[in-house]
Amino acid sequence: MDEISPPPSWADALRGFDRALRAHGMAEKTRRAYGTDLEQLAEWASRSGLEPKGIGPRELRRYAAVLSERGASKSTVARKLAAVRSFYRQMVERGELEASPADLVASPKRDAYLPRVLRPGEVAQLLERIPAATPLELRDRAMFELAYAAGLRAEEIVNLDLTDPDADGEELRVQGKGGRTRIVPAGELAWKALESYLDRGRPALAVEGARVEPALFLSKTGQRLSTSDVRRRLGLWTRRAALAGGVSPHTLRHSFATHLLEGGADLRSIQELLGHATISTTQTYTRVESKRLKRAYAQAHPRA
């Protein structure tokens, strides 16, 4: 299907929305994502001759149905509708509409998501396969030991600075989502790996004569890592450990939370360690645990 350029009314409306997001201090990455989702709506609406102010709830429901027909998942449709709601909310706030048509459009109910979790033995197999001999190996061993020990997101790993680890207290200051900072303990194995990296790995990666880089984990060119760097290196070690694919930094985070739950930690403590804003997000791990217990019951009970 050929692309169609939205008319000026859509271009003006999208520019106004982006200006509003900037004024509210929204991160550039999030702004771009909203823009992409709304450009898709503008293109679809333009094919039907619909202006921004001419769209009603019925048209938005039809748009959501089209997204589903094109293969978009329920979570993707829900995300795009969230962008549409924000767009029309801004139009209402600017006095361009009396009410938002998106308020009468429900998001599709998302499928229950059960994250992949590694067994403790698989985590050990993965981490111990990293030899920690070269500077990059020392970095990766420390990085992934710390990611599992503290339940870190990929973004949190790359945003760590040299000043964030507290070796005396064996604690880590983590900048999480929404600018929330939390203090997370980490175990002895993670601290040993981190000390080895700081003693022998990071000095070799710091580029002499370059500007001082505060990042804790450096690339081979002495720069702060990107999240794609972290995922790529974890994929490398996953293959070398002969584990099934699909292991991501979030897999280590899910494993961290599930292993804490299995060990008797309460949900509220796990919520604080993960930096979840609400307990409902943390309750995902009770579903993982419930699934594991049902499997164990089916395998072990004589009348299951």
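Residues numbered from 1 in each chain as written. Predicted model: local features only at pLDDT ≥ 70, side-chain atom pairs only at ≥ 80, totals over all residues. Heavy atoms only, no water.

Considering helix α10 (residues 249-262)
Rules: Counting from the N terminus, the helices are DSSP H or I runs at least four residues long and the strands are E runs at least two residues long. The span expected for a helix works out to 1.5 Å for each residue beyond the first. Burial here depends on accessible area, computed with a 1.4 Å probe over protein chains only, as a share of the maximum for the residue type. Under 20% is buried, over 50% is exposed, and the range in between is partly exposed.
Taking 1.5 Å of rise per residue, the 14 residues of α10 would be expected to cover 20 Å, and the 20 Å separating its terminal C-alpha atoms lies within 8% of that figure. Judged by how many residues are buried, α10 sits mostly within the fold: eleven of 14 residues are covered. Those residues of α10 that fall on the buried side of the exposure criterion are Pro 249, Thr 251, Leu 252, Arg 253, His 254, Ser 255, Phe 256, Ala 257, Thr 258, His 259 and Leu 261. Two residues or fewer after α10 comes Gly 264, characterised by a positive phi angle close to 105 degrees.

Examining the packing of helix α3 (residues 57-69) against helix α4 (residues 74-93)
Spelled out, the test is: With axes taken as lines fitted to C-alpha atoms, and helix axes fitted only over the stretch in contact, angles between N-to-C directions fall between 0 and 180 degrees. Each angle gets one of four labels, with under 35 degrees taken as roughly parallel, over 145 as roughly antiparallel, 65 to 115 as roughly perpendicular, and the rest as oblique. Crossings are classed by handedness, with left-handed meaning an anticlockwise turn of the near helix from the far one by less than a right angle and right-handed meaning a clockwise turn. We call two residues in contact whenever any of their non-hydrogen atoms come within 4.5 Å of each other. Throughout, the ten residues Ala, Val, Leu, Ile, Met, Phe, Trp, Tyr, Cys and Pro are labelled nonpolar, Asp, Glu, Lys and Arg are labelled charged, and all others, Gly among them, are labelled polar.
Packing of α3 against α4 leaves a shortest axis separation of 10 Å and a crossing angle of 150 degrees. Regarding the angle of α3 to α4, the classification is roughly antiparallel. Remark: the crossing between α3 and α4 carries right-handed chirality. Between α3, through Leu 60, Ala 64, Leu 67 and Ser 68, and α4, the contact on the second element is made entirely by Val 77, Lys 80, Leu 81 and Val 84. Counted by class, the contact of α3 with α4 contains six nonpolar, one polar and one charged residues.

Here we look at the sheet that holds strand β1 (residues 165-166)
The criterion, for reference: Two strands qualify as a pair provided DSSP detects at least 2 bridges between them.
Taken in spatial order, the three strands of this open sheet run β1-β2-β3, and their pairing is antiparallel. Of all strands in the sheet, those bounded by a partner on one side alone are β1 and β3 (181-185).

Digging into the pairing of β3
When a strand is regular, its side chains alternate between the sheet's two faces. The side-chain alternation of β3 yields one buried face, formed by Arg 182 and Val 184, and one unburied face, formed by Thr 181, Ile 183 and Pro 185. Pairing between strand β2 (residues 171-175) and β3: five bridges, direction antiparallel. Note that in β3 the partner of Leu 172 across the bridge is Val 184. Count of turn residues in the β2/β3 antiparallel hairpin: five residues, of which Gly 178 carries a positive phi of about 70 degrees.

Considerations on unusual backbone geometry
The backbone of Ala 132 sits at a positive phi, close to 60 degrees, despite the residue not being glycine. With respect to the helices and strands, the residue Ala 132 is situated in the loop between α5 (120-128) and α6 (135-150).

Some thoughts on the confidence of the model for the protein
Formally: A residue's pLDDT is the confidence the predictor assigns to it, expressed on a 0 to 100 scale.
With 90% of its residues at a pLDDT of 70 or more, the protein shows a mean pLDDT of 88. For the protein, helix α13 (residues 284-300) is the element with the lowest average pLDDT, namely 68, and α6 is the one with the highest, namely 96.

Focus on the environment of Ile 157
Its place among the elements puts Ile 157 in helix α7 (residues 154-159). Along the sequence, Ile 157 and Ala 215 sit 58 residues apart, while their C-alpha atoms lie 9.7 Å from each other. When near neighbours in sequence (up to four residues on either side) are disregarded, Ile 157 contacts Met 143, Ala 147, Leu 152, Phe 217 and Val 230.

Let's talk about the side chain of Arg 182
Inclusion rule: Polar contact criterion, stated in full: a pair of N or O atoms within 3.5 Å, where within protein one must be able to donate a hydrogen and the other to accept it, and residues adjacent in sequence count only if both atoms are side-chain atoms.
Counting through the fold element by element, Arg 182 comes out in strand β3. Taking relative accessible area as the criterion, Arg 182 reaches 9% and is therefore assigned buried. Of the polar contacts made by the side chain of Arg 182, one reaches the side chain of Glu 156; its length is 2.9 Å.

Describing the pattern of salt bridges
Basically, it comes down to this: The term salt bridge refers to a side-chain nitrogen of Lys or Arg lying within 4 Å of a carboxyl oxygen of Asp or Glu.
Counted according to the given criterion, the structure contains 19 salt bridges. Note that Asp 164 is salt-bridged to Arg 173, the shortest N-O span being 3.0 Å. A relative accessible area of 36% places Arg 173 in the partly exposed class.

Looking at the environment of Arg 268
If you trace the backbone, Arg 268 turns up in helix α11 (residues 267-274). Residue class for Arg 268 comes out partly exposed when judged on its relative accessible area of 46%. Separated by 18 residues in the primary sequence, Arg 268 and Thr 286 place their C-alpha atoms 12 Å from one another. A distance of 2.8 Å separates polar atoms of two side chains, one belonging to Arg 268 and the other to Gln 271.

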